[in-house]
Amino acid sequence: MHRFANRRSGIRMAVANALIATLLAGCSGLALPTFGANSAENSESVHEQTIAEAEAAVFAQPGDAALRAHLGTTYLAVGRFHSAATSLADAVTLGDESPATALRLALALTGSGREAEAAALLFERAEDLPTADLGLALALAGEVEPAIRTMESAIRFGESSVALRQNLALAYALAGRWREARLLAAVDVPAGEVAKRMERWATIAFNPSATQRLAMVLKLPLD
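Residues numbered from 1 in each chain as written. Predicted model: local features only at pLDDT ≥ 70, side-chain atom pairs only at ≥ 80, totals over all residues. Heavy atoms only, no water.

K.L.:
Before we move on, could you go through the overall build of the protein and cite the residues and values that matter?
P.N.:
Helix and strand content of the protein: 12 helices and zero strands. Ordered by position in the sequence, the α and β elements of the protein form the string α-α-α-α-α-α-α-α-α-α-α-α. Within the protein, the fraction of its 223 residues that count as buried is 46%. In the protein, once contacts between residues fewer than 6 apart in sequence are set aside, the share between residues at least 24 apart is 50%. Surface exposure of the protein reaches about 11000 Å², of which carbon and sulfur atoms provide 54%. (Helix = DSSP H or I, 4+ residues; strand = E, 2+ residues; numbered from the N terminus. Buried < 20%, exposed > 50% of the residue type's maximum accessible area, 1.4 Å probe, protein only. Contact = heavy atoms within 4.5 Å. Areas by Shrake-Rupley, 256 points an atom, 1.4 Å probe, with all protein chains shown as cover.)

K.L.:
I'd like a rundown of the pattern of salt bridges, residues and numbers included.
P.N.:
Enumeration over the complete set of coordinates arrives at seven salt bridges. For Asp128, the salt bridge identified is with Arg125, shortest N-O distance 2.7 Å. Residue Asp128 is classed as partly exposed on the basis of its relative accessible area of 42%. For Arg125, a relative accessible area of 16% gives the class buried. (Salt bridge = Lys/Arg side-chain N within 4 Å of Asp/Glu carboxyl O.)

K.L.:
Describe helix H12 (residues 210-217), naming the residues involved and giving the relevant values.
P.N.:
Every α-helix winds through 3.6 residues per turn, so residues three or four apart in the chain are directed the same way. In terms of burial, H12 is largely enclosed, as six of its eight residues are buried. Of all the positions in H12, only Ala210, Arg213, Leu214, Ala215, Met216 and Val217 are classed as buried. Buried residues along H12 sit in contact with helix H4 (81-93), helix H5 (99-111), helix H6 (115-124), helix H7 (131-140), helix H9 (162-174) and helix H11 (191-205). Of the residues that open H12, the one with a side-chain oxygen 3.3 Å from the backbone nitrogen of Thr211 is Ser209. Where H12 terminates, the next one or two residues include Lys219, which has phi positive at roughly 60°. (Polar contact = N/O pair within 3.5 Å; in protein donor to acceptor, adjacent residues only side chain to side chain.)

K.L.:
An account of the nonpolar core is requested, with residue identities and associated values reported.
P.N.:
If you look at the biggest cluster of nonpolar residues, it comprises 58 residues, and the most contacted ones within it are Leu122, Leu170 and Trp201. Among the elements that take part in this core, H9 stands out by supplying nine residues, more than any other. (Core = buried A, V, L, I, M, F, W, Y, C linked by side-chain atoms within 4.5 Å.)

K.L.:
Lay out the packing of helix H3 (residues 65-77) against H5 in plain terms, naming residues and giving numbers.
P.N.:
For the pair H3 and H5, the least separation of the axes is 10 Å and the interaxial angle reads 40°. Considering the angle they form, H3 stands oblique to H5. Crossing hand, H3 versus H5: left-handed. Of the residues in H5, those touching H3 at Ala69, Thr73 and Leu76 are Thr101, Arg104, Leu107 and Ala108. Classifying every residue of the contact of H3 with H5 gives four nonpolar, two polar and one charged. (Axes fitted to C-alpha atoms, helices over the stretch in contact; angles between N-to-C directions. Parallel < 35°, antiparallel > 145°, perpendicular 65-115°, else oblique. Left-handed = near helix turned anticlockwise from the far one by under 90°. Nonpolar A, V, L, I, M, F, W, Y, C, P; charged D, E, K, R; others polar.)

K.L.:
Account for unusual backbone geometry, with residues named and values stated.
P.N.:
Phi is positive for Lys219, which is not a glycine, with a value near 60°. Judged by relative accessible area, Lys219 falls into the partly exposed class, the value being 45%.

K.L.:
Residue-level account of the confidence of the model for the protein, with values.
P.N.:
With 80% of its residues at a pLDDT of at least 70, the protein reaches an overall mean of 84. Counting interchain partners and residues more than four positions distant, the pLDDT-below-50 stretch residues 1-42 has 68 contacts. (pLDDT = per-residue confidence, 0-100.)

K.L.:
Talk me through the side chain of Asn207; I want residue IDs and the actual numbers.
P.N.:
Inspection of the secondary structure assignment puts Asn207 in the loop between H11 and H12. Within the structure, Asn207 has its side chain in polar contact with the side chain of Gln212 (distance 2.9 Å). When sequence neighbours within four positions are dropped, the list of residues in contact with Asn207 reads Gln212, Arg213 and Met216.

K.L.:
Explain H7 residue by residue, including any values.
P.N.:
In terms of residue burial, H7 counts as a mostly covered element, since 10 of its 10 residues are buried. Taken as a whole, H7 has its buried residues at Thr131, Ala132, Asp133, Leu134, Gly135, Leu136, Ala137, Leu138, Ala139 and Leu140. Next to the buried residues of H7 lie H5, H6, helix H8 (144-156), H9 and H12. Note on H7: the residue one or two positions beyond its end, Gly142, has a positive phi of about 95°.

K.L.:
Kindly report on the packing of H3 against H4, identifying the contributing residues and their values.
P.N.:
Each packed pair of helices is defined by two parameters, the angle between the axes and the distance between the axes. Their axes nearest at 8 Å, the elements H3 and H4 cross at an angle of 160°. If you check the angle between H3 and H4, you find them roughly antiparallel. In the packing of H3 onto H4, the handedness of the crossing is left-handed. Residue-level inspection shows Ala65, Arg68, Ala69, Leu71, Gly72, Thr73, Tyr75 and Leu76 of H3 in contact with H4, the latter providing Phe81, Ser83, Ala84, Ser87, Leu88, Asp90 and Ala91. For the contact of H3 with H4, the class distribution of residues is nine nonpolar, four polar and two charged.

Below you can see the structure in the form of C-alpha cells.
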C-alpha cells in the first residue's frame, strides 16, 4: 500500500511540474494543463491534494531546495502567486540556481504585484533564459520595450520559433503596436482565428492589473 501511495504522489508531483513547463511555450499554447480530472470540482480537489502533498514534503524536509521549488511551482500553477513567490525565493536561498526556478520566481513576483523585482531578476538572469521566455516574462513585468528589443534582436540574428514570434506579437500588443502585433500573429495563427487572438490580447493589454494580466496569459481563473 505504501508503495502505491508513493507512486500516486510521484505522479502528482510530475504532473504539477509539467504545469509550468509549457507556461511560456508561445501564446498559442499557454493554457495550463489540468491535473487529469474530468470536472472542475474534481480538478480543484486534485489541486488541493497535490498542494497538500507538496506542503507536507516541505514540512518534512524544510532544507530541500528541490521540494521548495516544486511547492512554488504548484502554487504558481493554480495562481497562488504570493505563496509561489515565497516558496520559490526560499528555494533560491537554499541553493537552487536553475533558470527554470528563476523564471518561475519572476512570474510569481509579477503576479504578486512586484514587477520591479521580477524585472530585476530577469535582467540578472537574462543570459540563462530562452529568449522567448525572457521576452514574454519581461513584457508581463512591465518592461515591454526591452522585451521587444530582445526578441526582435534574436529574430534578426536567425532565431525563429512559434513561441518567439507569438510572444513578440503579444509584446507588440502590450505596447499598443497593434498593426505589428496582427501581422506577426498571422504568421502562425490561421486567418480565421487572428481576430479572436487580437481580441484576447486587447483584453490583456487594457487590464491595468499585472496580476490579472499574468492570470489571463496563463489562462487561470480570475477572482
